Amino acid sequence: MGILLLTKSIFAIMIGFLTSVVLGAFMVPMLKRMKVRQTISDYVGENHKKKQGTPTMGGLIFIISTFITTLVLLITNKIEMTSNLIIILLVFIGYALIGFLDDYLSLKRHDNEGLTGFQKLFLQLIIAVGFFYLYIRNGGQTSLIVSTLGIHIEMGWVYGLFLLFVLVGSSNAVNLTDGLDGLAGGLSAIAFIAFSLISLVVGYEEIGIFTFVLTGAVMGFLIYNTYPAKVFMGDTGSLALGAVMGAVAILTHREITLLVVASVFVIETLSVILQVIWVKFFKRKLFLMSPLHHHFEKMGWKEQDIVKLFWVVGLVLTMAGIFFGVWL
């Protein structure tokens, strides 16, 4: 990585961070005044009841910060507007809007139920189909490639289904993980650092710089989101973060790397799936509660300790993911 590229990367993450911190200082009190307050589900237990009324839709902080910073970088010619960057921005906006609608309906109804599962999935699939169309139109390949292992599988139209699964799956995985203060945000920042480095090393400079901007913005958001959280990201933020993660993996042809970098998100999602299967077929729970972070809560762990553990595991696996993404 050249000195110029390194300078651009540092500049991107710093500006994203500072913009997010400043914007958060205005938006958190504003969300409180507007009474944009989270309704806590009875499902998660008494420990979370004290969070009732905490402002939500805080994902707008890092979403707006990312767009402002990206615009500044475009104007100052620190980043190039490419078809890949346009696609990522459209995915970012699209999934953020789905999350915003879900959060808005929850607030309007004064409960924790926004869009139905079917409605949310349908909207996610529509944007995923649009992503696939733009991807193919801009010359995207339909092969699954892991060069070092000699894997090159031409999937044809099946790759379209695979792409939908990656994009929608990663979006929902981050959404499921967003259950403790700072958990999803911290893990996302760690994962985006990995994809930023991988993107720059393998030749996708505009994607690498953008993800560094997003990393900085999410880190700035964490100042307001770590325990005890002053604001939640809501579906507005979690769906957008997961979708961008999936989109970056696809556009850099590192779909398998995503499984390593985002391992904690994958494990959280699998814990929900396994819980459903266990209850259905064995008539008992596999975990005390799912997703997995709630299982640790039921065991008596403190929220801060669970988040720290998951961050450390995420960091270790992400370092493995960087090696995998660069060399494989």
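Residues numbered from 1 in each chain as written. Predicted model: local features only at pLDDT ≥ 70, side-chain atom pairs only at ≥ 80, totals over all residues. Heavy atoms only, no water.

On to the overall build of the protein. Scanning the protein for helices and strands turns up twelve helices and two strands. Mapped from its N terminus to its C terminus, the protein presents α and β elements in the order α-α-α-α-β-β-α-α-α-α-α-α-α-α. For the protein, the C-alpha radius of gyration of 19 Å lies close to 20 Å, the compact-globule estimate for 328 residues. Taking the principal axes of its C-alpha atoms as reference, the protein extends roughly 50 × 50 × 35 Å. Counting across all 328 residues of the protein, residues that qualify as buried make up 52%. Of the roughly 15,100 Å² that the protein leaves accessible, carbon and sulfur atoms contribute 71%. Computed over 22 positive and 18 negative side-chain charges, the separation of the two mean positions in the protein equals 6 Å. (Helix = DSSP H or I, 4+ residues; strand = E, 2+ residues; numbered from the N terminus. Rg over C-alpha atoms; globule rule 2.2 N^0.38 Å. Buried < 20%, exposed > 50% of the residue type's maximum accessible area, 1.4 Å probe, protein only. Areas by Shrake-Rupley, 256 points an atom, 1.4 Å probe, with all protein chains shown as cover. Lys, Arg positive; Asp, Glu negative; His and termini not counted. Charge placed at Lys NZ, Arg CZ, Asp CG, Glu CD.)

Following the criterion strictly, the structure yields three salt bridges and no others. Put simply, Glu-205 and Lys-8 hold a salt bridge, and the shortest N to O gap is 3.0 Å. Here Glu-205, found in helix α7 (residues 205-225), pairs with Lys-8, found in helix α1 (residues 3-33); they are 197 residues apart in sequence, far enough to count as distant. Overall, Glu-205 belongs to the partly exposed group, its relative accessible area being 33%. Owing to a relative accessible area of 16%, Lys-8 belongs among the buried residues under this scheme. Here Asp-235 ties to Lys-120 by a salt bridge, and the two come within 3.1 Å at their closest N and O atoms. Placement of the pair is Asp-235 in helix α8 (residues 234-251) and Lys-120 in helix α4 (residues 117-137), with a sequence separation of 115 residues. Here the two residues Asp-235 and Lys-120 agree in accessibility, since each one is buried. Residues joined by salt bridges that share partners form a network here, namely Asp-102, Lys-120 and Asp-235. (Salt bridge = Lys/Arg side-chain N within 4 Å of Asp/Glu carboxyl O.)

Attention shifts here to the packing of aromatic side chains. Evaluated as defined, the whole model comprises ten aromatic pairs. For the pair Tyr-159 and Phe-162, a centre-to-centre distance of 5.8 Å together with 50° between the ring planes defines the contact as tilted. One end of the pair, Tyr-159, and the other, Phe-162, are both in helix α5 (residues 158-177), three residues apart, so they sit about a helical turn from each other. When its relative accessible area of 22% is taken as the criterion, Phe-162 is described as partly exposed. When the ring centre of Phe-11 is taken as origin, the NZ or CZ atom of Lys-78, which lies over that ring, is 6.0 Å away. (Phe/Tyr/Trp six-rings, centres within 6.5 Å; stacked < 30°, edge-to-face > 60°. Lys NZ or Arg CZ within 6 Å of the ring centre and 35° of its normal.)

What follows deals with α8. Here α8 spans 26 Å end to end across 18 residues, near enough to the 26 Å set by a 1.5 Å rise per residue. One or two steps after α8, the chain reaches His-253, where phi turns positive at roughly 60°. (Expected span 1.5 Å × (residues − 1).)

So, on to the environment of Glu-154. Tracing the sequence through the fold places Glu-154 in strand β2 (residues 151-154). Apart from residues no more than four positions distant in its own chain, Glu-154 is found in contact with Thr-142 and Ser-143. Within the local environment of Glu-154, its side chain forms a polar contact with the side chain of Thr-142, the two groups lying 2.5 Å apart. A polar contact is formed between the side chain of Glu-154 and the backbone nitrogen of Gly-156, at a distance of 2.9 Å. (Contact = heavy atoms within 4.5 Å. Polar contact = N/O pair within 3.5 Å; in protein donor to acceptor, adjacent residues only side chain to side chain.)

The next point concerns the packing of α5 against helix α10 (residues 263-282). With their axes 9 Å apart at the nearest point, α5 and α10 run at an angle of 80° to one another. Looking at the two axes, α5 sits roughly perpendicular to α10. Contacts between α5 and α10 pair Ala-173, Val-174, Leu-176 and Thr-177 from the former with Phe-265, Glu-268, Thr-269 and Val-272 from the latter. (Axes fitted to C-alpha atoms, helices over the stretch in contact; angles between N-to-C directions. Parallel < 35°, antiparallel > 145°, perpendicular 65-115°, else oblique.)

Looking now at a nonpolar patch on the surface. A surface patch of nonpolar side chains, amounting to about 630 Å² of accessible area, comprises Leu-270, Ile-273, Leu-274, Ile-277, Phe-281, Phe-282 and Leu-286. Of note, Leu-274 is situated in helix α10. (Patch = residues over 30% accessible without salt bridge, like charges linked within 9 Å, V, L, I, M, F, W, Y side chains within 5 Å.)

Quick look at helix α6 (residues 183-201) now. The end-to-end C-alpha distance of α6 is 28 Å, a good match for the 27 Å that 19 residues give at a rise of 1.5 Å each. By the criterion of burial, α6 is predominantly enclosed, with 16 of the 19 residues buried. Positive backbone phi, at 105°, marks Gly-203, one or two positions downstream of α6.

Within the fold, His-293 resides in helix α11 (residues 292-298). The contact partners of His-293, leaving out residues within four places of it in the chain, are Leu-176, Thr-177, Gly-179, Leu-180, Leu-183, Glu-268, Ile-306 and Phe-310.

What follows deals with the packing of α4 against α5. Between α4 and α5, the least distance of the axes is 9 Å, while the angle of their chain directions is 130°. In terms of orientation, α4 and α5 fall into the oblique class. Here α4 and α5 pass one another in a crossing that is right-handed. Counting all contacts with α4, which are made through Lys-120, Leu-121, Gln-124, Leu-125, Ala-128, Val-129, Phe-131, Phe-132 and Tyr-135, the residues of α5 involved are Tyr-159, Gly-160, Leu-163, Leu-164, Leu-167, Val-168, Ser-171, Asn-172 and Asn-175. Partitioned by chemical class, the residues of the contact of α4 with α5 number twelve nonpolar, five polar and one charged. (Left-handed = near helix turned anticlockwise from the far one by under 90°. Nonpolar A, V, L, I, M, F, W, Y, C, P; charged D, E, K, R; others polar.)

Moving on, we get to the confidence of the model for the protein. When pLDDT is averaged across the protein, the result is 91; 94% of the residues are at 70 or more. Per-element confidence in the protein ranges from a low mean pLDDT of 76 for strand β1 (residues 143-146) to a high of 97 for α7. (pLDDT = per-residue confidence, 0-100.)

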